[in-house]
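Coordinates in review
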Amino acid sequence: MNKTRASGRTVGGLRTLSLQAPAVTLLLLWMLIPLAMTVWFSFQRYNLLMPGMKGFAGTENYEYLLTDPALWSAMGTTLLLVGWVLAITVVGGTLLAVLFQQDFFGRGVARVLAISPFFVMPTVSALVWKNMMMHPANGVLAWMAESVGLPAMDWFSSLPLTSIIIIVSWQWLPFALLILLTAIQSLDDDQVEAARMDGAGPIAIFFNITLPHLKRAISVVIMIEMIFLLTVFAEIFVTTSGGPGLATTNLAYLIYIRALLDFDVGTASAGGVIAIILANIVAIFLVRMVAKNLED
């Protein structure tokens, strides 16, 4: 009987493995082939404007990038963009989740309207903010400033990075709200009522009951948002094109400049490898943080 069971498990395991193998193989090829090509080109002299200059470059592309002030400026811009958007969306999403958990007239419609910006495409969102909200002559913000006697501001010239942060935060705030609102709905009402009977006010309930309950959900929001925020591109491309100067050039846009504007495939590939390393460092940190929260 033991041999039959062991054999059955083996046959079943082989059958399962044979069914999973094509999908797993395709997924591995889908990931590994582009990664291998990127690493290969990062060690090559490959500039489309100089087709005759080819060959193994060693670490020249990496040395050029690491000594280029534009790389460190782009990495600083990337970290500022990610940090500010995370702060705005997590804090704003938490407060909005608490607000929309309250019972008021039209709550269902208000929830749908608050979540809807997340379904707007990044390019469309950037165009709306550029031409309808932040336009210095015809924008809503210019009209509001002039209505109170203030001069209209050219947002993308005066505060370019702040403008990008506002646009990206507007896109990702509904996502944080959706996750945190779902989490706050699982909070035990009896625990909240017991705290109220003991004399706890709204602020004490928020910091001692609601916020600890949202700890895991906040970790998930931070992890998912950071993965996508490291690759913000469309908003920058549509609004500022990385300028003025390098004011809004993040790492993803710098790679685009090197690859499709300078036609330097080797340097752009080296930048891609650096971006992969940075993303993995961030991912390791986030996975450990989420795992720690799950254990707690």
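It should be emphasised that the depicted structure is a prediction, and the values quoted were computed from it without experimental measurement. (Residues numbered from 1 in each chain as written. Predicted model: local features only at pLDDT ≥ 70, side-chain atom pairs only at ≥ 80, totals over all residues. Heavy atoms only, no water.)

**Quick look at the environment of S157**
On the secondary structure map, S157 appears in helix α7 (residues 155-158). Considered as a pair, S157 and I255 are 98 residues apart in the sequence and their alpha carbons are 23 Å apart. A polar atom in the side chain of S157 sits 3.1 Å from the side chain of D154. (Helix = DSSP H or I, 4+ residues; strand = E, 2+ residues; numbered from the N terminus. Polar contact = N/O pair within 3.5 Å; in protein donor to acceptor, adjacent residues only side chain to side chain.)

**Things to note about unusual backbone geometry**
Backbone torsion omega between G243 and P244 reads -5°, so that peptide bond is classified as cis. Relative to the helices and strands, P244 is located in the loop between α12 (234-239) and α13 (251-261). With a phi close to 55°, S241 is a non-glycine residue in the positive phi region. Here S241 lies in the loop between α12 and α13. The phi dihedral of F263 falls on the positive side, at around 60°, and the residue is not glycine. Using a relative accessible area of 32% as the deciding quantity, one classes F263 as partly exposed. (Buried < 20%, exposed > 50% of the residue type's maximum accessible area, 1.4 Å probe, protein only.)

**Some points on the UniProt feature "transmembrane region" (unreviewed entry) in the chain**
Those residues carrying the UniProt feature "transmembrane region" (unreviewed entry) are residues 21-43, 70-100, 112-129, 159-181, 217-238 and 270-291 in this numbering. Secondary structure across residues 159-181 divides into 96% helix and 0% strand, with the first and last C-alpha atoms of the span separated by 32 Å. Between the first and last C-alpha atoms of residues 217-238 the distance is 32 Å; the span itself is 82% helix and 0% strand. (UniProt positions renumbered as here; feature names shortened; annotations may be inferred.)

**Examining α13**
Within the span of α13, buried status applies to L251, Y253, L254, Y256, I257 and R258. F263 sits one or two residues past α13 and shows a positive phi near 60°.

**Focus on the pattern of salt bridges**
Enumeration over the complete set of coordinates arrives at four salt bridges. For the salt bridge of R45 with E60, the shortest nitrogen-to-oxygen distance reads 2.9 Å. In this pair, R45 is assigned in the loop between α1 (2-42) and α2 (60-66) and E60 in helix α2, connecting sequence segments 15 residues apart. We classify R45 as partly exposed; its relative accessible area is 28%. (Salt bridge = Lys/Arg side-chain N within 4 Å of Asp/Glu carboxyl O.)

**Examining the side chain of T248**
Summarising the element assignment, T248 is placed in the loop between α12 and α13. Beyond its immediate sequence surroundings of up to four residues, T248 is in contact with T77, P160, L161, I164, I236, T240, G242 and G243. (Contact = heavy atoms within 4.5 Å.)

**Concerning the nonpolar core**
Residues L71, V168, I222, M226 and L229 are the most contacted members of the largest nonpolar core, which totals 47 residues. Taken together, the elements giving at least two residues each to this core come down to α2, α3 (69-101), α8 (160-184), α11 (215-229), α13 and α14 (265-295). For this core, the leading source of residues is α8, giving twelve residues. Here L229 is in contact with V82, V85, L86, V168 and W172, once residues within four sequence places are set aside. (Core = buried A, V, L, I, M, F, W, Y, C linked by side-chain atoms within 4.5 Å.)

**As for the layout of surface pockets**
Counted as a void, the largest pocket has a volume near 430 Å³. Taken together, 14 residues form the lining of the largest pocket, with Q101, Q102, V192, R196 and T210 sitting closest to its centre. At the level of secondary structure, the elements contributing two or more residues to the lining of the largest pocket comprise α3, α9 (189-197) and α10 (202-213). Within the lining of the largest pocket, the residues separate by chemical class into seven nonpolar, four polar and three charged. Its volume calculated, the second largest pocket comes out at about 340 Å³. In terms of lining, the second largest pocket is formed by 15 residues, of which the most central are I227, L230, T231, A275 and A279. Going through the elements one at a time, α13 and α14 are the ones with two or more residues in the lining of the second largest pocket. Examining the composition of the lining of the second largest pocket, we find that eight residues originate from one element, α14, more than from any other. (1 Å grid on protein atoms, 1.4 Å probe; cavity = no way out; pocket = protein on both sides within 12 Å on 5 of 7 lines; lining within 4 Å. Points joined across faces, edges and corners; volume = space filled by probe spheres on them. Nonpolar A, V, L, I, M, F, W, Y, C, P; charged D, E, K, R; others polar.)

**Considering empty space enclosed by the protein**
Here the structure, examined in full by the defined rule, presents one cavity of 30 Å³ or more. In this structure, the largest cavity encloses a volume near 30 Å³. Every residue lining the largest cavity is listed: L65, L251, L254, I255, R258, T267, A268 and G271. Only α13 and α14 provide two or more residues apiece to the lining of the largest cavity. Residue contributions to the lining of the largest cavity peak at four residues, all from α13. Residues of the lining of the largest cavity, tallied by class, amount to five nonpolar, two polar and one charged.

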